[in-house]
Amino acid sequence: MNNNLQNKNITCSIVVSVYNEAENIVDVYQQLTEILQTQNITYEIIFVNDGSSDKSLQILKKIVDGNDRVKIISFSRNFGHEAAMLAGIDYSEGDSIVCMDADLQHPPTMLPLMLQKRAEGFEIINMVRTQRQDAGRIQNFNSRLFYRFLNKISKVELAENASDFFLISSRVGEILKNNFRERTRFLRGIIQMLGFQRTTLEYIAIPRQSGKSKYSTRKLVSLSLTAMATLSKIPLEIGIYLGFISALLSIALVIFSLIMKIIEQPIPGYTTLVVFMGFMFSIQFFMLGIMGKYIGFLFDETKQRPIYIIDKTINC
Ligand code: UDP
Ligand code: MG
């Protein structure tokens, strides 16, 4: 890793995470260079190959051949999008760092505007998608709901529909390199809790150019849980509230049963018992599940395993 920022004087590092994007890489590269060349700046493009099993790496190698503006970081296996972005940030040398997807859903045409905002002094520029053309209405609604919910349960003010398309200054990059090395991360959330001058720009997420979304429903659910658990401790406290409510409920039930007994109309116990026990048990298991999730994150943290493992780098 070359940290010789002054000598190279790179204005902008573009970090592109790549997982099986063979059909898209060349287009991404061409569109990026086309736009960046009009900007009269020095730039570098860092492709992070997140353990692709298709021809992505071969194609990247062709692009990088004799081209010192392109760097490649190739992981030993798939570590996930978040790890890929972080690796790119780790290796970036620019005064600004932009993270974006390799499927052209994050339009390179937005770069000039982003750099302009950066020149105005903003250190964090969140790109907010106005709509996802490829997503159904339900999905758009879900993602809005999700951000509202996150805002409610955490102290972070998350921009609604924030994406993995953002620009940060090298100063913010340094903070991510040094201080946010937790194993379970939600980068979008972390970036928004750092403070600094920040702003948002809107963009329209066009349908992915080619291939399918690499986020399966399972990965999305897991990302949502991660977001909640890393940004908020409130789920851990649900038990206290539920305990309180169920205590009130049982007091009411006791009083009711006593009264019925006194006026000699004892209620048949079976149904009451089954319903009550079922209710109580489900609350308990629900809370156990939440605790388990948090303990899991703690467990991952204590192992101190690397966030990613690099197989090889080119031009870094
Ligand atoms: N990606 C990655 N590792 C993964 C999954 C995805 O590096 O395990 C990359 C992928 O190549 C793409 C970006 O992350 O550049 C976003 O993924 P995708 O487009 O599948 O997500 P969506 O846009 O559907 O949310
Ligand atoms: Mg995409």
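Conventions adopted
- Residues numbered from 1 in each chain as written.
- Chains lettered and ligands numbered in written order.
- Predicted model: local features only at pLDDT ≥ 70, side-chain atom pairs only at ≥ 80, totals over all residues.
- Heavy atoms only, no water.
- Helix = DSSP H or I, 4+ residues; strand = E, 2+ residues; numbered from the N terminus.
- Expected span 1.5 Å × (residues − 1).
- Buried < 20%, exposed > 50% of the residue type's maximum accessible area, 1.4 Å probe, protein only.
- Contact = heavy atoms within 4.5 Å.
- Core = buried A, V, L, I, M, F, W, Y, C linked by side-chain atoms within 4.5 Å.
- pLDDT = per-residue confidence, 0-100.
- Salt bridge = Lys/Arg side-chain N within 4 Å of Asp/Glu carboxyl O.
- Donors = N, O, S within 2.8 Å, 3.2 Å for Na, K, Ca; no water.
- Phe/Tyr/Trp six-rings, centres within 6.5 Å; stacked < 30°, edge-to-face > 60°.

1. A word on helix α10 (residues 234-262)
Taking 1.5 Å as the rise per residue, α10 with 29 residues should run 42 Å; its terminal C-alpha atoms sit 42 Å apart, in good agreement. All of the buried residues along α10 are P235, S246 and M260. The inward-facing, buried residues of α10 abut α11 (269-303).

2. With respect to unusual backbone geometry
For Q304, which is not glycine, the phi dihedral falls at a positive 55°. Locating Q304 in the fold gives a position in the loop between α11 and β8 (310-314). For Q304, a relative accessible area of 55% gives the class exposed. For N315, which is not glycine, the phi torsion reads 70° and is therefore positive. For N315, a relative accessible area of 35% gives the class partly exposed.

3. Details of the nonpolar core
Of all hydrophobic cores here, the largest spans 38 residues; its most connected members are I14, V16, L32, I45, F47, V98 and M114. Per-element tally for this core: the top contributor is helix α2 (residues 25-38), with six residues. Among residues more than four places away in sequence, those in contact with M114 are V98, I125, M127, F165, F166, L167 and L201. Formed by 26 residues, the second largest nonpolar core is a distinct cluster that contains I73, V172, I191 and Y308.

4. Comments concerning the confidence of the model for the protein
On average, residues of the protein score 86 in pLDDT, and 93% of them are at 70 or above. The low-confidence segment residues 1-6 (pLDDT under 50) makes six contacts with residues lying over four places distant or belonging to another chain.

5. Some words on the pattern of salt bridges
This structure, assessed with the given rule, holds eleven salt bridges. Linking K177 and E174 is a salt bridge whose minimum nitrogen-to-oxygen distance equals 3.3 Å. Taken together, the positions of K177 and E174, both in helix α7 (residues 170-179) and three residues apart, correspond to about one turn of that helix. A residue is classified by how much of its surface remains accessible, and K177, at 16% relative accessible area, is buried. A cluster of three or more residues bridged by salt bridges with shared partners is formed by E44, K71 and E93.

6. Comments concerning the coordination of the magnesium ion (ligand 2)
Each pair of donors in an ideal octahedron of six around a metal sits at 90 or 180 degrees, and each pair in an ideal tetrahedron of four sits at 109.5 degrees. The protein atoms that coordinate the magnesium ion (ligand 2) are D103 (OD) and Q105 (OE1), at distances of 1.9 Å. Each member of the pair, D103 as well as Q105, is classed as buried.

7. Considering the packing of aromatic side chains
In this structure the tally under the stated criterion is four aromatic pairs. Taking the centre distance of 5.6 Å and the plane angle of 90° together, the rings of F75 and F79 count as edge-to-face. Judged on exposure class, the residue F75 and its partner F79 are both buried. Taking 6.3 Å as the distance between ring centres and 25° as the angle between the ring planes, the aromatic pair formed by F281 and F285 counts as stacked. Taken together, the residues F281 and F285, both in helix α11 and four residues apart, mark about one turn of the helix.

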